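Per-entry structural report
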Amino acid sequence: MSPLVERVLPVVLLLGSNIFMTFAWYGHLKYKSSPLFTVIVASWGIAFFEYVLQVPANRWGSAVYSAPQLKGMQEVITLVVFAVFSASYLGQSLKWNHWAGFALIAVAAWLIFME
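Quick caveat, the model's predicted, so the values are computed rather than measured.

Turning our attention to the overall build of the protein. Looking only at helices and strands, the protein features four helices and zero strands. Counted from the first residue to the last, the protein has its helices and strands arranged as α-α-α-α. C-alpha atoms of the protein, sized along the principal axes, occupy 50 × 35 × 20 Å. Looking at the protein as a whole, 30% of its 115 residues qualify as buried. Taking the contacts inside the protein whose residues are at least 6 apart along the sequence as the reference set, 77% of them involve residues at least 24 apart. Accessible area of the protein: about 7,600 Å², with a carbon and sulfur share of 73%. The protein carries 6 positive and 4 negative side-chain charges, and their two centres are separated by 14 Å.

So, in structure tokens, the structure goes:
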């Protein structure tokens, strides 16, 4: 793989993985009348596709990123995906304190990348 692909592919895979993860973890909140067992099984099914993307992202990403860097990157991606999901799918906009907390997590991730 080219150096650019080595650095970008894990990010793209983590982005896709986090989209599946967010739907698996929070998508059922729109269907509160559905039986709990049903949403658990549905969430497991969705989470399978999360892992199909997440495992290669971390495996291939470990060639150019450390494990802490991959985790920090994943946390920031998760927050971005969740923010969009919360507002667009659940109709729950984030408030200033949510954004402030997310910003502190982003700063923590940035610190992880410092050498």
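As a further point, take the environment of T22. As for its placement among the helices and strands, T22 is situated in helix α1 (residues 3-26). Measuring from C-alpha to C-alpha, the distance between T22 and N58 comes to 18 Å, with 36 residues separating the pair along the chain. In this structure, T22 is in contact with G27, V81, F82 and F85, ignoring residues within four places of it in sequence.

Counting through the fold element by element, N18 comes out in helix α1. Residue classification places N18 among the buried residues on the basis of a relative accessible area of 1%. Within polar-contact distance, the side chain of N18 engages the backbone oxygen of L14 at 2.7 Å. Contact partners of N18, with chain neighbours within four places excluded, come to Q74, I77, T78 and V81.

A word on the packing of aromatic side chains. Counted according to the given criterion, the structure contains nine aromatic pairs. A centroid spacing of 6.1 Å and a plane angle of 80° characterise the contact between Y65 and F113, whose relative ring orientation is edge-to-face. On the criterion of sequence distance, the pair formed by Y65 in the loop between α2 (36-61) and α3 (67-88) and F113 in helix α4 (residues 96-113) is long-range, its members being 48 residues apart. By relative accessible area, Y65 is classed as buried at 11%. One aromatic cluster is present, built from ring pairs that chain together F20, F48 and F49. Between the NZ or CZ atom of K30 and the centre of the ring of Y89, over which it lies, the distance is 4.4 Å.

The subject of this paragraph is a nonpolar patch on the surface. Taken together, the side chains of F20, F48, F49 and V52 define a hydrophobic patch exposed on the protein surface, amounting to about 380 Å² of accessible area. Counting residues per element, the nonpolar patch draws most heavily on α2, at three residues. Relative to the elements of secondary structure, F20 occurs in helix α1.

Quick look at α2 now. Over its 26 residues, α2 extends 35 Å from the first C-alpha to the last, a length consistent with the 38 Å expected when each residue adds 1.5 Å. Along α2, the positions that sit buried rather than exposed are V39, S43, A47, E50, P56, A57 and G61. Close packing links the buried residues of α2 with α1 and α3.

About the cut-offs
Here the residue numbering is sequential within each chain, running from 1 through the sequence in written order. Side-chain atom pairs in this predicted model are given and counted only at pLDDT of 80 or more, local residue features only at pLDDT of at least 70, and totals for whole chains, interfaces and linings cover all residues. As a convention, hydrogens and water are excluded, and side-chain values are obtained from all of the structure's heavy atoms. Here a helix means four or more residues in a row that DSSP labels H or I, a strand means two or more in a row labelled E, and each is numbered from the N terminus. Each residue gets one of three labels from its accessible area relative to the maximum for its type: buried under 20%, exposed over 50%, partly exposed in between, using a 1.4 Å probe on protein chains only. The contact criterion used throughout is that any non-hydrogen atoms of two residues lie within 4.5 Å. For accessible areas, the Shrake-Rupley method is used with a probe of radius 1.4 Å. Any residue's cover is judged against the shown protein chains and nothing else. Note on charges: Lys and Arg go in the positive column, Asp and Glu in the negative column, and His and the chain ends are not counted at all. For this purpose, a charge sits on NZ of Lys, CZ of Arg, CG of Asp or CD of Glu. Polar contacts, as counted here, are pairs of nitrogen or oxygen atoms within 3.5 Å of one another; within protein the pair requires one atom able to donate a hydrogen and one able to accept it, and residues that are adjacent in sequence qualify only if both atoms are side-chain atoms. For Phe, Tyr and Trp, where Trp contributes only its six-membered ring, two rings pair if their centres lie within 6.5 Å, and the inter-plane angle classes them as stacked under 30 degrees, edge-to-face over 60, or tilted in between. Two conditions define a charge sitting above a ring: the NZ of Lys or the CZ of Arg must be within 6 Å of the ring centre, and it must be within 35 degrees of the ring normal. For patches, a residue must show more than 30% relative accessible area and have no salt bridge; joins then use 9 Å for like charges and 5 Å for nonpolar side chains, namely Val, Leu, Ile, Met, Phe, Trp and Tyr. Salt bridges are defined as contacts in which a side-chain nitrogen from Lys or Arg sits within 4 Å of a carboxyl oxygen from Asp or Glu. One less than the number of residues in a helix, times 1.5 Å, gives the span that helix is expected to have.

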